[in-house]
Amino acid sequence: MAKKQKKAIPKRAPTKHQLSKWQRQTKIRRIVIIAASVFLAGILSWVGYEYYEDYKSDPLREVVIEVNGVPFTMEYYVKMLDAYTASMNYTVISSYGDYIANMVADGIIDAELLRQGAKNLDIEVTAEEIDAKLKEYEELPSDRVYRDIISADLLQEKLKEYFGSNLTDTMEQAHVQVMLVESEDVADEVITEIEAGGNFTALAEEFSCNSTGEGDLGWLPRALMPNTMIADAAFNLTMGEISQPIYDETATKDVGYWLIEITGKQDGEVAARAMLLGSETEAEHVKAELVSRNFSSLAREYSQHESKDEGGELGLLKQGDMGSEAFDQVAFNIPVNEVSEPVKDESVQTTGGYWLVEVIDRGMHQLETEVREKLRDQHLNDWFEEWKENSTIENLLDEEKKSWAVDRVLQGRTLQ
C-alpha cells in the first residue's frame, strides 16, 4: 500500500516589517560586539601602558651605555660598580665616587669592545674557561658581572698571545743613547764636550732634564722609540754619529726658571707676581725685554705657570704656598719692586726642549723578551684604539645618574 505523501506546506516569506526588524536587531548586535571589542582593547591598552610606564619609571631598567648596539642597563652598571668597589669602604667610595663611576663606565665599554673585536678575530672565551677561573677564586659569586670581568681578563690574555705570535724573532733595530736638554745653547755645549772626548752617558746624567728618557735605551725597533723625531734620527744617522739638536715643543722637562717680582710685604707675607720659563736662556731673554715691556704682558706671552692669564699675579703668599723651596728662598728675600735673576727650580715641570741622539749600532737584531712584550702590547693597543674609533659608543651616564648609582652602592656599605 502506497504511503500517503505529506502535504507540502509552502514557507511564508518574511514581511517587510519582519525584515526591517531583523535588520535592526542584527545591526544592534554588531554595534554591541564592536563596542565590547573597543572597550576590551582599551582596557588592555591601559594595562599595557601602565606596565610600560612602570618599566620606564624604574631607573634600574634604563639603558645607560650602548656599544655597537649592545645595551647595558643601570642595573648592570650598579652591579659592576658594586663589584669593582667590593674591597672599598664607605668613606673611600663616597670620596672618590665620581672618579670610580667614570672608571667603571669606561671598563664596561672597553670590555664589550674587546669582546666584539676579538670575535672578529675568531677569538672567544668559553663558559667552561670562565667556570674554571671562578674555581680559583672561591669567594667570587658566579653572577654575570663577575663572569664578565673574568671573561675580559681571559680575553686580554688570548689577544696578547695572538698579537705576540704574529711577531718575528728578529727585527731591524737601533741601539741608541738620548738626552733631553733645556735649550739649544746647552745642546751645543754638550755636543762640544762629546766631540772633545766627553762620555755621552755621563753628560746625560749631568744635563738631561727628563729622567724617563735619558741615557742608553738599548736595542729598540722604530715603533718603540720614545717619539718619531728620535726614531727618524736613530734610523738615518750614521753609526757613531751625534744628531744636531732636535727641538721638541711637547717634551716635558723636570726643570723651570722663575722670574719673581715682589710688589709688597706685610706680616710675613709677600704680594708677588711671577712667570715660569722653560730654560735659563729664555728667562734671561724675557728679563731683558722688561726694559721696554711690562711684567704682566710678558707673563701672558711666555709664562708656563697657571697664573699667566692674570699676568703672573699670585696675590699674597706665605712661605710654602707655592710648594717650592727655590721660589721661597728668593721671593721672601729680594727687595720690593725688583725682578729677580732667573731662579732654577727642579720641583716644577715645563715643556719644550732639545733632543740629542747618538746611534751606537743598527741592524737586524733578536727581539729581547721585554722588547717583545712591549711591541706586542703596542700592537694590541693600536688594534684596540682603531676598533674603538670605528665603533658607535653611547654613554648616557650624566652626573646625576652616576651619583644615583654610587648612592645605590653605598646603601649596602658600612660607614667607616
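Residues numbered from 1 in each chain as written. Predicted model: local features only at pLDDT ≥ 70, side-chain atom pairs only at ≥ 80, totals over all residues. Heavy atoms only, no water.

### Comments concerning the side chain of K253
What counts here: Here a strand is any run of E in DSSP of at least two residues, a helix any run of H or I of at least four, and the numbering for each starts at the N terminus. For the exposure calls, accessible area comes from a 1.4 Å probe over protein chains only, and a residue counts as buried if that area is under 20% of its type's maximum, exposed if over 50%, partly exposed in between. Positive charges come from Lys and Arg alone, negative charges from Asp and Glu alone, with His and the N- and C-terminal ends not counted. When a carboxyl oxygen of Asp or Glu lies within 4 Å of a side-chain nitrogen of Lys or Arg, that pair is called a salt bridge. Definition of a polar contact: a pair of N or O atoms within 3.5 Å, with one able to donate and the other able to accept a hydrogen when the atoms are protein atoms, and with sequence-neighbouring residues admitted only if both atoms are side-chain atoms. We call two residues contacting when some pair of their heavy atoms lies within 4.5 Å.
Tracing the sequence through the fold places K253 in strand β5 (residues 246-253). Among buried charged residues, K253 stands out as having no salt bridge; its nearest opposite-charge side chain is E282, 6.6 Å away. A polar contact of 3.2 Å, which involves the side chain of K253, links it to the backbone oxygen of G278. Excluding residues within four positions of it along the chain, K253 makes contact with L180, V181, E182, C209, G278, V348, Q349, T350, T351, G352 and G353.

### Brief notes about a nonpolar patch on the surface
Applicable threshold: Patch building starts from residues that exceed 30% relative accessible area and form no salt bridge, then joins like charges within 9 Å and nonpolar side chains (Val, Leu, Ile, Met, Phe, Trp, Tyr) within 5 Å. In this description, accessible areas are obtained by the Shrake-Rupley approach with a 1.4 Å probe, and a residue is regarded as covered only by the protein chains that are shown.
The grouping of Y84, V92, Y96, Y99 and M103 at the surface amounts to a nonpolar patch, some 520 Å² of accessible area in total. Residue position: Y99 is located in helix α4 (residues 97-120). Note on Y99: relative accessible area 60%, which makes it exposed.

### Some words on the nonpolar core
Put simply, the test is: Remark: nonpolar core denotes a set of buried residues (Ala, Val, Leu, Ile, Met, Phe, Trp, Tyr, Cys) joined through side-chain atoms within 4.5 Å.
In terms of nonpolar packing, the biggest core is built from 41 residues, with I65, M74, Y77, I108 and L159 touching the most fellow members. Elements that contribute at least two residues to this core include exactly β1 (63-67), α2 (74-84), α4, α5 (127-136), α6 (144-165), α13 (369-389) and α14 (399-410). For this core, the element with the most residues is α4, which contributes nine residues. The residues touching Y77, leaving out its near neighbours within four places in the chain, are V64, A101, V104, A105, I108, L397, K402 and A405. Membership of the second largest hydrophobic core comes to 22 residues, among which are V178, I230, A251 and W355.

These figures come from the coordinates and say nothing about function on their own.
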